[in-house]
Amino acid sequence: MEKDVLSGLREFLVESPGCFHAVAALKKRLDAAGFTELSESERWSLTPGKSYYVIRSGSSIISFKLPAGKAEGFHIIASHSDSPSFKLKPDPALWSDGLLRLNVEGYGGMIRHTWFDRPLSVAGRVLVEEGDKLVHKLVYFDRDLVMIPSLAIHLDRDKKEDGIKIQSELLPLLGATDADAWKKLLSEAAGAEPEHILGMDLFLTCRMAPTVWGGNNEFISAPRLDDLACAYGSFAGFVDAEPKDSIALHCVFDNEEVGSRSMQGAESTFLRTTARRICRALGMDDEGFDTAVANSFMLSADNAHALHPNYAGKYDPVNRPRMNRGVVLKHHAGQKYMTDGISEAVFKKLCQSCGVPYQEYANHSDVPGGSTLGNISNTQLSIRGVDIGLAQLAMHSTYETMGAEDTGHLAKLAEAFYGGTLPKVER
């Protein structure tokens, strides 16, 4: 199973140069699996035993499977579609000294120096005026389009990471012959005249292909492993699962890297309104919805820090995950993660029941870590759960590394989670 999932992950990563394309890639797979698309702006009619999905703003997607019988609650896995990058500003073409650059700003907490000297392109969406309609169009320049050349070491011997300025040093170079090249390229890609392109959400994307490497091919490196590896691994298990007494719900939210505070982020109403509408379509009243939520469980799946052998002092002396050792369970006393003693026990029983290895992560007490979407989504829909991830190196680099077996571990866990019954906990 791990090898099949690994191959699928590589294909998914190539198809997903950004958040909009990642959701489109999931939609393609859902359509092929017989899921029915729903619209938030229309009434829903749902049939027990059937499968559905709904997309918000083109970059977040919730898909779900209904059991044939009565549903006691929701089994939810949530991940995110976005990755740290650079977003193009409006009218981004900058022509100076006979060279054309693109004007960008930072999106998320990227490792800035990793963006130098790599083949890059642009991906995202544009809004095009067609008659009296505004039409979303996905855009991806599927070739090496731009690059950010670094400054020669002879001219820059003392540069530090925090000294790299986006506005002056990280603007990608596009061309050297035509000040209007960007408008022409975008117009061609969108299939529209420049005056009909009324909006855009476009990002730089790394063009380096995923590669499996190591003495025994034990590692995979690729752009956007955080968090597309979790999105794909949990999805692979979701598609294969057969829910019995719970609603299997798979969420991929946008904007986690910038705090999740958007209409398509984990702090939005997307999960809450989707869950409520499912319950109403199945004939539940308000109390039935509240009961279903109380009987639910979430796996918030976002990658975790693997032990880096060159920087071992940055890690907790005990809880320091390794690549290819299984799914990582995250803990944090300050509630950056949703794991508590009860949900920890439920998660461990689940792993034991399906034979999936797990390991535990806690920050070094003097080295603060990041947060993720589990507790943020809980501000809208309070559900017991755990934060989990896959152990990786170089998180937020342009090109990240993780264990080649671990996405398969997550897929197996997801299939068992969606298709099984969790242990009851005494209140």
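A brief structural summary. Chains are numbered independently. Their residues run from 1 in the order of the written sequence. This being a predicted model, a pLDDT of at least 70 is required before a residue's local features are given, and a value of 80 or more before pairs of side-chain atoms are given or counted; all residues contribute to the totals for chains, interfaces and linings. Hydrogens and water molecules were not included; the side-chain quantities draw on all heavy atoms of the structure.

## Quick look at the nonpolar core
Under the convention used in this document: Residues belong to one nonpolar core when they are buried, are Ala, Val, Leu, Ile, Met, Phe, Trp, Tyr or Cys, and are joined through side-chain atoms within 4.5 Å. Only protein chains enter the accessibility calculation, which uses a 1.4 Å probe; a residue is then buried when its area is under 20% of its type maximum, exposed when over 50%, and partly exposed in between. In this description, contact between two residues means that some pair of their heavy atoms is separated by no more than 4.5 Å.
Of all hydrophobic cores here, the largest spans 51 residues; its most connected members are Leu299, Phe347, Ile388, Leu413, Phe417 and Tyr418. Leave out the neighbours within four places in its chain, and Phe417 touches His75, Ile76, Ile77, Phe297, Leu299, Leu350 and Leu422. Among the nonpolar cores identified, the runner-up in size contains 32 residues, and Phe86, Val126, Phe141 and Leu145 belong to it.

## Quick notes on the sheet that holds strand S16 (residues 327–330)
Strands pair in a sheet through their backbones, by hydrogen bonds, and they do so in one of two ways: parallel or antiparallel. Worth spelling out the cut-off: Between any two strands, pairing holds if DSSP finds at least two bridges. Counting from the N terminus, the helices are the DSSP runs of H or I reaching at least four residues and the strands are the DSSP runs of E reaching at least two. Convention adopted: a line fitted to C-alpha atoms gives each axis, helices being fitted over their contacting stretch, and angles between N-to-C directions are expressed from 0 to 180 degrees.
Strand order in this open sheet of nine strands is S1-S2-S3-S13-S4-S14-S18-S16-S17, and the pairing throughout is mixed. Whereas interior strands pair on both sides, the edge strands pair on one side only; in this sheet they are strand S1 (36–38) and strand S17 (358–361). Averaged over all pairs of adjacent strands, the angle between their axes in this sheet comes to 25 degrees, without regard to strand direction. Of the pairings in the sheet, the one linking S1 to strand S2 (residues 51–56) comprises three bridges and is parallel in character. Bridged to Glu37 within S2 is Tyr53. Against the sheet, helix H8 (residues 341–354) engages strand S14 (297–301), S16, S17 and strand S18 (384–389), with an angle of about 60 degrees to S18.

## Points about the packing of H8 against helix H10 (residues 406–419)
Two numbers describe a pair of packed helices, the interaxial angle and the distance between the axes. What counts is decided by this rule: For classification purposes, angles smaller than 35 degrees are called roughly parallel, those larger than 145 roughly antiparallel, those between 65 and 115 roughly perpendicular, and all remaining angles oblique.
Between H8 and H10, whose axes approach to 10 Å, the crossing angle comes to 105 degrees. The angle between H8 and H10 falls in the class roughly perpendicular. Across from Phe347, Leu350, Cys351 and Cys354 in H8, the residues of H10 making contact are Lys412, Leu413, Ala416 and Phe417.

## Describing the pairing of S2
Counting buried positions over the six residues of S2 gives five, a clear majority of the element. Pairing of S2 with strand S3 (residues 60–65) involves six bridges; the strand directions are antiparallel. The residue of S3 that forms the bridge with Ser51 is Lys65. The loop that links S2 with its antiparallel partner S3 comprises three residues; one of these, Ser57, has a positive phi angle of about 60 degrees.

## Remarks on the packing of helix H6 (residues 270–281) against helix H7 (residues 286–294)
We apply this condition: Two helices crossing with the near one rotated counterclockwise from the far one by less than a right angle form a left-handed crossing, whereas a clockwise rotation gives a right-handed crossing. Classes in brief: Ala, Val, Leu, Ile, Met, Phe, Trp, Tyr, Cys and Pro nonpolar; Asp, Glu, Lys and Arg charged; the others, Gly included, polar.
Two elements in contact, H6 and H7, have axes separated by 9 Å at closest approach and are oriented at 120 degrees. Viewed along their axes, H6 and H7 adopt a mutual orientation that is oblique. Helix-helix and strand crossings are classified by hand; for H6 and H7 the assignment is right-handed. Between H6, through Arg272, Ala275, Arg276, Cys279 and Arg280, and H7, the contact on the second element is made entirely by Asp286, Phe289 and Ala292. Among the residues forming the contact of H6 with H7, the class breakdown is four nonpolar, no polar and four charged.

## A few points about the sheet that holds strand S15 (residues 304–305)
Reading across the sheet, the five strands line up as S11-S12-S20-S19-S15 and stay open at both edges, with mixed pairing between neighbours. Each edge of the sheet is formed by a strand with only one pairing partner; in this case those strands are strand S11 (211–213) and S15. In this structure, strand S19 (residues 391–393) lies alongside strand S20 (residues 400–403), joined through two bridges in antiparallel fashion. Residue pairing across strands places Gln392 opposite Met402, the latter belonging to S20. This element, helix H5 (residues 225–240), spans strand S12 (219–222), S19 and S20 of the sheet and lies at about 35 degrees to S20.

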